[in-house]
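Given next are the chains, with one letter for each unit.
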Amino acid sequence: MRSCLLALCWLFLLAGPARADERILEFFSDIKVERSGDLLVTENLRVRSEGKQIKHGLQRDFARLYRRADGSRSAAGLDVVSVRRDGRAEPFVSSRLRDGVRISTGRSDVVFRPGEYQYTLIYRVTRQLQAAGGEDRLAWDVTGRDWSLPIDRGRVRVVLPSDEPVRQAAVAGEGAGVPGRVQEKEAGRVVFVSTRVLAPGESMTVEMGWPAGEVRRPGPLKAWWYGVQDHAEFWVASVGVALLLLYYLAAAAQAWRLGRHDRTPQADPPEGLSAPALRYVYRRGYDRWAFLSGMMELLARRSVQVLERADGRYLERLPNQTGGDARHDPLLNAMLGRFFAGGRTLLRLDGLYRRCYDEAQGGQREWLDEAYARSLFVAYGDHARKGAYLWIAMTVALVGLAIVREGSPLSWAAWGILLPLPAVPAWFAVYAQWRAGATSLASRAVLSVLGLLCLAGGLAVLATHVESARLLLIGLAPLASLVLVCAGFLGLRGYTAQGRALRARIDGFRRFLARPPVVAPADAESALARYERYLPYALALGVDRRWAAAHAAQARSAASAARVDMQARYGGVHDPLVRPRAVMRTLDRWAAKASPVRAPRTSRGGGVEEAGEGPR
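Each chain has its residues counted from 1, following the order in which its sequence is written. Only residues with pLDDT of at least 70 are given local features in this predicted model, and only at 80 or more are side-chain atom pairs given and counted; all residues enter the totals for whole chains, interfaces and linings. The basis for every side-chain value is the complete set of non-hydrogen atoms in the structure, without hydrogens or water.

**Q** Explain the packing of aromatic side chains to me, please; I cannot follow it from the model alone.
**A** Aromatic ring pairs are defined here through the distance separating the ring centres and the angle between the ring planes. Only rings of Phe, Tyr and Trp enter the pairing, Trp through its six-membered ring, and a pair is recorded when the two centres are within 6.5 Å. The plane angle decides the type: under 30 degrees is stacked, over 60 is edge-to-face, the rest tilted. For the coordinates displayed, the defined rule picks out 21 aromatic pairs. Ring centres 5.7 Å apart and planes at 70 degrees place the aromatic pair Y353 and Y357 in the edge-to-face group. Remark: Y357 and Y353 occur in helix α7 (residues 351-376); sequence separation between them is 4 residues, near one turn of the helix. For the pair formed by Y353 and Y357, the shared burial category is buried. Ring geometry for W367 against Y372: centres 6.2 Å apart, planes inclined by 75 degrees, an arrangement best described as edge-to-face. Helix and strand definitions follow DSSP, with helices as H or I runs of at least four residues and strands as E runs of at least two, each counted in order from the N terminus. Exposure is judged per residue with a 1.4 Å probe applied to protein chains only, and the accessible area is read against the type maximum: over 50% gives exposed, under 20% gives buried, and values in between give partly exposed.

What follows is the structure, given as C-alpha cells:
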C-alpha cells in the first residue's frame, strides 16, 4: 500500500510541471479591413504563466512589418489603440525593430503569479494590402514568428467592408505542413483556424483576395508619396549628391571665371615671372612642381649643373659665364642661397641636399604667398564650408534612416556609412603634403595605411549588412561625395581682376608653348638654346611634351658635343630632349631618398660644420 501511495505522489509531481508549462492557450484575432485600406486588428490571447518567460508581461513582435513578400520595403504604420489584461488597462511601450515593432506590456516592478491571464490588444496597421490588377489582396502574418512559446489554438476572422464574395482564401505557414485551414467562407467574411499546435517560432499567415473597389486605392500623388517613403534612402542620396554637384559646379564657375581676353599666343612669358612664379599663378597656389620647375630653370640658365664623381653625385654652382645667372630673380637667387650657403660651390646630393631642398621649398612658398596671394587670388572658403554643411546634412539623414531601419543606434549599416569616411581626408592630406613638397614619407605612409584600413573596414561592414547592391551604392554616396567636398576646400580659389589679367597673359604664353610657330632658326644650336630656354616654363605649365615634340627634329640635329654637354649638365640619367619630365622628377627623387641630416654643429674654432658638405 505504501509503495502505491509513493508511486501516485511521483506521478502527481511529474504531471504537475508538464501540465503547468508556459504557453499561449488561445490566440484569437479579429481583422477588420477598412475602406481606407487600414487593418483594425483585435487580438485576444489567453496565456498561462509560471513566472519564467511571462514574468512581467508579454512581448508582441511585429517582425517584417515593413517588408513585403517580394522583399521590397514599405513605410507601413502601426498605431496601438489599447492593451488590456483581464479587462483592465495595461501599460505598454513600443520599440523599433529592424523591420518591425515590438510592444512590451506590463511593468518591471510587477511579477506575475502562476496562472492564466487574458490579454486584449487593439491596433491599427496601414499599407498591408496589395493591388493586383482587378483584385485586392491581403497576406497577414497573424501570430508572428518570434514567439518562444507554443500556441495551442489559433483562430482568425477577417471581415471586409461589404458583402463582396471572397475569391481566394488560404493559410500559409512555416514548419511541417500547413498549420491551419479555412473554416468558414462567405460573402465579406472568412474564418481561419489552426489544425495543430504551433511550435515556438512557427507562424500562421492568412492570404485572401477579393474584387477591387471595396477598398480605396491611393491616388497618383499619394502613391508617389508612398514611393518616396519606401525609397527614402535613395531619394536622400540622389537628391543630396545632385545638389552637391550643382552647388560645386556653380561655385567653381564663379571661382574660376577668367573673363574675356585675347586668345592670341604670346611668344614670351609675362615680365618678371620665373618658372616657379608662373606655376604658382597658373595653379592658384604652391606645389612641388613649382619648386622643381625652378630647379630646371637653374639648370637651363647654366647657374648650376649636376656633377658626377667617383664618390657620388653633386650639385655644382657655375660661374656667370653666359649672362644667364639667376641672381636678378628673387626666387632663383633664394634657391641658390639655400643650396650654396657659406660660399661653397659643391653640394653633395645626400642628407644635406635634402635639408637644403626642404628649406628652399619652405622659403619659396612663403615668398610667393606674401607676394601674390592677396593681390591675385580670392579664396572661396565660405563656399566650401556651405558645401560641407550640405554634405553633413545628407550624411546625417542617411545615417538616421539606417538607424531607424535597423531599430538601434548601434546599427551596423550606419557604422558602415561612417567608418570609411576618414579615408578621404587622410588621402587628401597625403596629396596636400606631396603637393606642398614634403619629402618625408613617414606621415604620408601612416595616413595612407589608416585611410586604407578605414576604407576596407567600412566596405566590409556595408557589404555584410546591407540587403542589396542598391543599398550598398546608397551607403557609399557620402564617401563618394566627400571627395568633392575635400576637393572644394583645396580648389575653390579664384582670381582678382589683376590676377585674371595676368592669367590671360600666362594662357597666351601657354598656347605658344603648346603650338609654337614653325620658325627656321639660324642653326641647330640656336634651336637647342631656344628649346632649353623655355623648357622650365613648359614643364611648369604642363606642355613639356608638346614643346619637346615641336623642337625634336631641329634640336637633335645640333652638334653632338652640344647635346652631350646639355645631357651631362642635367645629370646624364635621362635625356632632357626626350624625357624632360623624368629629369625633373629625378631631382626630386634624389632628395626623397636621402637620409635626414642632423642640425649643424659648432666646431672648435667657433665656425659651423655642415654634415654631408662636399669639397669646395
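After that view of the structure, there is still more to cover.
**Q** Can you help me understand helix α8 (residues 381-406) in this one?
**A** An α-helical segment advances 3.6 residues per turn. Residues three or four places apart therefore align on the same side. Here a helix's expected span is defined as the number of its residues, less one, multiplied by 1.5 Å. For α8, spanning 26 residues, the distance from its first C-alpha to its last is 37 Å, which sits close to the expected 38 Å at 1.5 Å a residue. Among the residues making up α8, those that are buried are A384, G387, A388, W391, M394, T395, L398, V399, A402, R405 and E406. Between two residues, a contact is recorded if the distance between any of their heavy atoms is within 4.5 Å. Check the buried side of α8 and you find it contacts α3 (232-256), α9 (412-418), α12 (469-475) and α13 (477-491).

**Q** What should I look at first to understand the pairing of strand β7 (residues 101-105) in this one?
**A** For a regular strand, the rule is simple: side chains alternate between the two faces of the sheet. Counting buried positions along β7 yields 4 of 5 residues, so the element is predominantly enclosed. Here, a strand pair is defined by DSSP locating no fewer than two bridges between the strands. Across 4 bridges, strand β3 (residues 59-62) lies against β7 in antiparallel orientation. Counterpart to R60 in the pairing with β7 is I103. Relative to β7, strand β6 (residues 92-96) runs antiparallel, the two being bridged by 5 bridges. Bridge pairing links F92 to T105 in β7. Linkage of β6 to β7, two consecutive antiparallel strands, is achieved through a turn of 4 residues.

Geometric values such as these leave the question of function open.
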